[in-house]
Amino acid sequence: MGWGDMEPPNSSAARCFGVFNATDGHHSVQNSITSPWFSTAFGLIGLCSNLFALCVLLSSSRQLSSRARSSFLVFLCGLVVTDFMGLLVTASVIIPYHFIKFSWAKVDPGCHLCNFLGFSMVFFGQCPLLLGATMAGERFFGINHPFSRSTSISKRRAWSIVGLVWGFSCLLGLLPVLGLGRYTLQYPGSWCFLTLLPDTGNIIFCLLFALLGIFSVLLSFIFNTVSVVTLCRVYHDRESVQRRRDSEVEMMVQLVGIMIIATICWMPLLIFIVQTVLQQLPASGQIQLLPTETQKMLLIYIRMVTWNQILDPWVYILFRRAVLQRIHPSLRPRPSILSLYPVLNPSLRRKLTA
């Protein structure tokens, strides 16, 4: 069965098929914009990058005594694990399709695989945005209100927060399976995602997904901007000579880098989803197929989003003090007050440390 032999979109058996146009020249167009080798290389680079970043994170976490820094590494580790699993799960379906060109109608007549892939796209897409906002909020309170909490959050509590983010994203991804909206096969027929058609359920789910992502990005921007301004003011204060702010600067540099990458990769797609859904509202469900230009633009924006999962781990790999100090020697940490007085007896050193 080819694309032209598919059942019409209104058929119950083709509930997740038929959203994009199946033209006679579909295969030639598909071959011109997709390549199994490109997709494979793209996925391997992302998986290796996240694995390398995860190894560096685990190595760094064992050498840290700072509770604030260790909790920040927990959030980073959760972000890297999410990106790695997102690439692994989606690539395990998309890459085989590019090689063997299986028929979705035969392989997945009940749309179970399509629903799983659509859920994965939403879950692993929303998690990094929510984790970025969570990390920005944690650093905001840690820098601007350091005495509002008795201590920084523990590793166990940090992992609990990561688990809550995963759970919330999972519930969001399950909404189409529970009846709000639906996942459908997208152009050029290798992946499934939310449906940009003027149906009430689809509109609500699309707006919920897009507006939640936009809100997360804006919240990260506000928290990070205030934190950077506060950190710059404290760092140049005379009293800051005796305050070790190098770790805070390192965390904020990494956090700002993650925010910039998420904004560049995600905002075009999120804004495009909102615009497309709102522009189709007057149609009142009469549109059964997405326009060709809409299909192609959606594919381009999804490819931009994929770069977020590849670039995220390199933010931590490259923007560490060990790397930055080699590039700019003036970033080496200043000596603490204890190193200026090496003759202090151990008991006095313990008091000063406390």
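As recorded by an unreviewed UniProt entry, the protein carries the name Thromboxane A2 receptor and is attributed to Caloenas nicobarica. Annotation of the protein in UniProt includes, under Subcellular location (unreviewed entry), the sentence "Cell membrane".

> I'm lost on the packing of helix α5 (residues 112–144) against helix α6 (residues 155–178) in this one. Help?
Think of two packed helices as two axes; the pair is described by the angle between the axes and how far apart they sit. Across the interface, α5 lies against α6 with an axial gap of 8 Å and an inter-helix angle of 145°. Crossing handedness for the pair α5 and α6: right-handed. Only Ile161, Val162, Val165, Trp166, Phe168, Ser169, Cys170, Leu172, Gly173 and Leu174 of α6 make contact with α5, whose side of the interface consists of Phe119, Val122, Phe123, Gln126, Cys127, Leu130, Leu131 and Thr134. Taken together, the residues of the contact of α5 with α6 break down into 14 nonpolar, 4 polar and no charged.

> Explain the UniProt feature "transmembrane region" (unreviewed entry) in the protein here, please?
Here, UniProt's "transmembrane region" (unreviewed entry) annotation points to residues 37–60, 72–97, 117–137, 158–181, 201–234, 255–278 and 298–319. Helix makes up 88% of residues 158–181 and strand makes up 0%, while its end C-alpha atoms are separated by 33 Å.

> Hey, could you run me through α5 in this one?
In an α-helix, one turn spans 3.6 residues; hence positions three or four apart end up facing the same way. The end-to-end C-alpha separation of α5 is 47 Å, in line with the 48 Å expected for 33 residues at 1.5 Å each. Burial runs high along α5: 26 of the 33 residues are buried.

> Just checking my understanding: could you explain empty space enclosed by the protein for this structure?
The method is simple in principle: a probe with the dimensions of a water molecule rolls over the atoms, and the space it marks as empty is what remains. Scanning all chains against the criterion turns up 2 cavities of 30 Å³ or more. Secondary structure elements with two or more residues in the lining of the largest cavity: α5, α7 (200–235), α8 (246–279) and α9 (292–318). Among the residues forming the lining of the largest cavity, the class breakdown is 9 nonpolar, 5 polar and 1 charged.

> Even after reading the chapter, I still don't get the nonpolar core, so can you show me in this structure?
The nonpolar side chains of a soluble globular protein tend to be buried, and buried together. Trp104, Trp191, Phe193, Leu196, Phe209 and Ile273 are the most contacted members of the largest nonpolar core, which totals 84 residues. Sequence-distant contacts of Phe209, that is, excluding residues within four places in its chain, are made with Val122, Gln126, Leu172, Phe193, Leu194, Trp266, Leu270 and Ile273.

> Please explain the environment of Gln186 as it appears in this structure.
Within the fold, Gln186 resides in strand β1 (residues 183–186). Its relative accessible area of 4% is what places Gln186 among the buried residues. The spacing of Gln186 and Leu299 is 113 residues in sequence and 8.2 Å in space, taken between C-alpha atoms.

> Honestly, a nonpolar patch on the surface in this entry has me stumped. Any pointers?
A cluster of nonpolar side chains, Phe52, Val249, Val253, Trp314, Leu318 and Phe319, forms an exposed patch at the surface whose accessible area comes to about 470 Å². Looking at the nonpolar patch, the elements with two or more residues in it are α8 and α9. For Val249, the location among the structural elements is in helix α8. Assessed through its relative accessible area of 31%, Val249 is described here as partly exposed.

> Explain the state of the cysteines to me, please; I cannot follow it from the model alone.
Each disulfide consists of one covalent bond between the sulfur atoms belonging to two cysteines. Counted according to the given criterion, the structure contains 1 disulfide. A disulfide bridge connects Cys114 with Cys192, and the sulfur atoms are separated by 2.1 Å. Here the S-S torsion is close to -115°, and the disulfide linking Cys114 with Cys192 is therefore left-handed. Within this pair, whereas Cys114 is found in helix α5, its partner Cys192 is found in strand β2 (residues 191–194), the two being separated by 78 residues in sequence. Of the two residues, Cys114 and Cys192, neither departs from the other in class, the shared state being buried.

> Honestly, the side chain of Asp108 in this entry has me stumped. Any pointers?
Its location among the elements puts Asp108 in the loop between α4 (104–107) and α5. By relative accessible area, which is 4% here, Asp108 ends up buried. Beyond its immediate chain neighbours, meaning those up to four positions away, Asp108 contacts Phe17, Leu113 and Cys114.

> Is there a simple way to think about α6 in this case?
With 24 residues, α6 ought to run about 34 Å at 1.5 Å a step, and its terminal C-alpha atoms sit 34 Å apart, in line with that. Of the residues making up α6, those classed as buried are Ala158, Val162, Val165, Ser169, Leu172, Gly173 and Pro176. After α6 finishes, the residue Gly179 shows a positive phi value of roughly 120°.

> Please clarify how the layout of surface pockets should be interpreted in this entry.
Estimates place the volume of the second largest pocket at around 630 Å³. If you trace the second largest pocket, you find 33 residues lining it, with Phe42, Ile94, Ile302, Arg303 and Thr306 closest to the centre. Of all the secondary structure elements, the ones that give two or more residues to the lining of the second largest pocket are α2 (36–62), α3 (67–100), α5, β2, α8 and α9. Each residue belonging to the lining of the second largest pocket can be placed in one class, and the counts come to 19 nonpolar, 13 polar and 1 charged.

Cut-offs and rules
Residues numbered from 1 in each chain as written. Predicted model: local features only at pLDDT ≥ 70, side-chain atom pairs only at ≥ 80, totals over all residues. Heavy atoms only, no water. UniProt positions renumbered as here; feature names shortened; annotations may be inferred. Axes fitted to C-alpha atoms, helices over the stretch in contact; angles between N-to-C directions. Helix = DSSP H or I, 4+ residues; strand = E, 2+ residues; numbered from the N terminus. Left-handed = near helix turned anticlockwise from the far one by under 90°. Contact = heavy atoms within 4.5 Å. Nonpolar A, V, L, I, M, F, W, Y, C, P; charged D, E, K, R; others polar. Expected span 1.5 Å × (residues − 1). Buried < 20%, exposed > 50% of the residue type's maximum accessible area, 1.4 Å probe, protein only. 1 Å grid on protein atoms, 1.4 Å probe; cavity = no way out; pocket = protein on both sides within 12 Å on 5 of 7 lines; lining within 4 Å. Points joined across faces, edges and corners; volume = space filled by probe spheres on them. Core = buried A, V, L, I, M, F, W, Y, C linked by side-chain atoms within 4.5 Å. Patch = residues over 30% accessible without salt bridge, like charges linked within 9 Å, V, L, I, M, F, W, Y side chains within 5 Å. Areas by Shrake-Rupley, 256 points an atom, 1.4 Å probe, with all protein chains shown as cover. Salt bridge = Lys/Arg side-chain N within 4 Å of Asp/Glu carboxyl O. Disulfide = S-S within 2.5 Å.

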